[in-house]
Structures are given as C-alpha cells and as structure tokens.
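So the chains spell out like this:
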Amino acid sequence: AALLPALLLRFEINTVLRISHFVAQIAHESDSFCTTREYASGAAYEGRADLGNTQPGDGRRFPGRGEIQNTGRANARNFTLWIRGLVPDAPDFEKEPERMEEFPWAVWVSIWFWATRRLNVLADRDDLIAVTKVVNGGRNGLDQRAAKLAKAKAWLSSVAALPVSAAQNAFPALYRGVTDSVDQIECLQRLLAQAGYYHLSIDGDFGAGTEAALRAYQMRAGLKVDGIAGNMTFSALLKLLNLTRGVQPWTLA
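On a predicted model such as this, the values are computed, not experimentally measured, just so you know. (Residues numbered from 1 in each chain as written. Predicted model: local features only at pLDDT ≥ 70, side-chain atom pairs only at ≥ 80, totals over all residues. Heavy atoms only, no water.)

Peer 1: How would you sum up unusual backbone geometry? Please name residues and give values.
Peer 2: Residue Pro 104 is bonded to the preceding Phe 103 through a cis peptide linkage, with omega at 10°. Backbone geometry places Glu 12, a non-glycine residue, at a positive phi of 60°. With respect to the element layout, Glu 12 can be found in the loop between helix H1 (4–10) and helix H2 (16–29). Residues other than glycine seldom take positive phi values, yet Arg 118 does so here, at roughly 55°. With respect to the element layout, Arg 118 can be found in the loop between helix H5 (105–116) and helix H6 (119–124). We classify Arg 118 as exposed; its relative accessible area is 57%. (Helix = DSSP H or I, 4+ residues; strand = E, 2+ residues; numbered from the N terminus. Buried < 20%, exposed > 50% of the residue type's maximum accessible area, 1.4 Å probe, protein only.)

Peer 1: Can you break down the nonpolar core residue by residue, with the values?
Peer 2: Membership of the largest hydrophobic core comes to 33 residues, with the highest contact counts inside it found for Phe 22, Phe 79, Ile 83, Phe 93 and Ile 111. Only H1, H2, helix H4 (73–84), H5, H6, helix H7 (128–136) and helix H8 (142–167) provide two or more residues apiece to this core. Counting residues per element, this core draws most heavily on H5, which supplies 8 residues. Sequence-distant contacts of Phe 79, that is, excluding residues within four places in its chain, are made with Phe 93, Met 100, Trp 105, Trp 108, Val 109 and Trp 112. In terms of nonpolar packing, the next biggest core, distinct from the first, is built from 23 residues, Val 178, Leu 192, Tyr 217 and Leu 223 among them. (Core = buried A, V, L, I, M, F, W, Y, C linked by side-chain atoms within 4.5 Å. Contact = heavy atoms within 4.5 Å.)

Peer 1: I'd love a proper account of the pattern of salt bridges, names of residues and values included.
Peer 2: The tally for this structure, following the rule as stated, stands at 14 salt bridges. Across the pair Arg 73 and Asp 58 runs a salt bridge whose closest N-O atoms are separated by 2.8 Å. Taken as a pair, Arg 73 in helix H4 and Asp 58 in helix H3 (residues 58–61) lie far apart in primary sequence, 15 residues in all. Residue Arg 73 shares its accessibility class with Asp 58, and that shared class is buried. Among the ionic pairs, Glu 211 bridges to Arg 176, the shortest N-O distance being 3.1 Å. A residue pair is termed long-range when its members are at least 10 positions apart, and Glu 211 in helix H10 (residues 208–221) and Arg 176 in the loop between H8 and helix H9 (182–194) qualify at 35 residues. Classification of Arg 176 as partly exposed rests on a relative accessible area of 21%. (Salt bridge = Lys/Arg side-chain N within 4 Å of Asp/Glu carboxyl O.)

Peer 1: Would you mind going over the packing of aromatic side chains in detail, with residue names and values included?
Peer 2: Summed over the entire model, instances satisfying the criterion amount to 9 aromatic pairs. Ring centres of Phe 11 and Trp 82 lie 5.7 Å apart, and the angle between their planes is 40°; on these two criteria the pair is classed as tilted. Taken together, the residues Phe 11 in the loop between H1 and H2 and Trp 82 in helix H4 connect sequence positions 71 residues apart. Looking at Trp 82, the relative accessible area reads 21%, which means it is partly exposed. On the numbers, 5.9 Å between centres and 65° between planes, the contact of Trp 82 with Trp 108 is edge-to-face. Here Trp 82, found in helix H4, pairs with Trp 108, found in helix H5; they are 26 residues apart in sequence, far enough to count as distant. With a relative accessible area of 6%, Trp 108 lands in the buried category. An aromatic cluster is present here, built from Phe 11, Phe 79, Trp 82, Phe 93, Trp 105, Trp 108, Trp 112 and Phe 113 joined pairwise through their rings. Against the face of Trp 112 rests Arg 117, its NZ or CZ located 4.8 Å from the ring centre. Over the ring of Phe 113 we find Arg 117; its NZ or CZ atom is 4.1 Å from the centre of that ring. (Phe/Tyr/Trp six-rings, centres within 6.5 Å; stacked < 30°, edge-to-face > 60°. Lys NZ or Arg CZ within 6 Å of the ring centre and 35° of its normal.)

Laid out in structure tokens, this is it:
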C-alpha cells in the first residue's frame, strides 16, 4: 500500500475514473486483497499457447499472481523485461514466478499490466465491460466488479470534491454518490436539461446519468472534466442560460 500512491502518479492513474477502475479490478482479482495467488491450481492453463505456456507443466507453474493475477509464461517473461528497465536488479519472474506473489512485485506487476494494456484509455470512457475483458478475458464477476467500482467512485469523488468545496462560496460541490443535497442535485439536473441534456431524469439522485451529462457539459464548456459540479460548473451553466450570478439556482423551479 505504501508503494501504490507514487506508482499511480508515475503511470498517470491519476483521476477518479482511472483510480476507481484500477482499484476495482485488482480488488476483484485478488479476492478483495486477500490473496496474491490464484486459488485454482493453474492446470486449466496447460498448453495455452496464447499465454506462452509451451512447456509441460507451465499451466501449474504460471497461474495468476500479483494483485491483478498475471497469468502465463509469456506474461512473466514480458513483465521481467519491462521491470528490469526500471528496477535493474528485479528478479527473473520467468524463472521465479512465485516472486510475483510478494510485495513490491505484486503491485508492480499490476501496474505493468494496466500500463502496457493502456487501460487508462478504457477507464476514461468509464467502460467497465471493456476493462474487464482485457483483465480477465470475458465478463467474469462483472456484477461484483461493478459493485467495487461504484464503491471506489463514491469514496474517491468525495475526496476529490474537498478542494472544490474549500474554494467556492455560493455553490456546493456535488458529485456522484452524494445523498444530502437533493434540492441542489435537482437544480443541477434542471440546469443540465435546459443546457440540452434532455434525456436526463430530474429526480434529485446524482447517479450515472447525471454524472455522464455533467462530464459531457464540462467537456463542451472547456471546464475541468471531473464529474464534480462546483463554482465553475454552476457559474458556466448560469451564464449559458442567462441567469443572474448572484441567485441561488436551486431556488429556481
């Protein structure tokens, strides 16, 4: 855990969406951080040429390891080549694959997999299915991954909103998962609908639809696309709709 923040920054896993998707996937793959080795024996991977398992016994020798469950001889070899460019004295994981179960390598191998598969791109799209297919090859455990993703988003959004809240005067910071600002959320939804996002439900619930509309508006308006409605977002919406800056917008019907 101590190593992770610096690595997230170094490899640009540095937004609410990127961190949330990364944490959700490694949490699922590691059984909520209970293991760094696949529970199954690995026998099912025997003879899998797509994993580089070309020698007898490779299936059992190269089961999933690390927090992201890196699997197969080829991945162990490729991870070794990559990590030695950064940490020259790192082990040879093709010769000692069990070392990927140890820290710090269990973290490093997860970062390697994420970075080399360019999963930040898919996380930026908030595409859970696409990320899951890359990590696991299908839709295995999709519901559980979705639950972990939602939990990560809610917590990280609240953390990201702290500096926004501190910097503003008239408007609250609204973000996905907030539950104690129903009137303000309803107002935000009405403003977004008036700005052209007609599909948006006006229900006072800051869910996925509201976040998607907000991000789309922020991108369109040239604002920071963070899914947090604060001073800049409210001010831009009021200006767009020719409303008075000094008004409390949630008082408007």
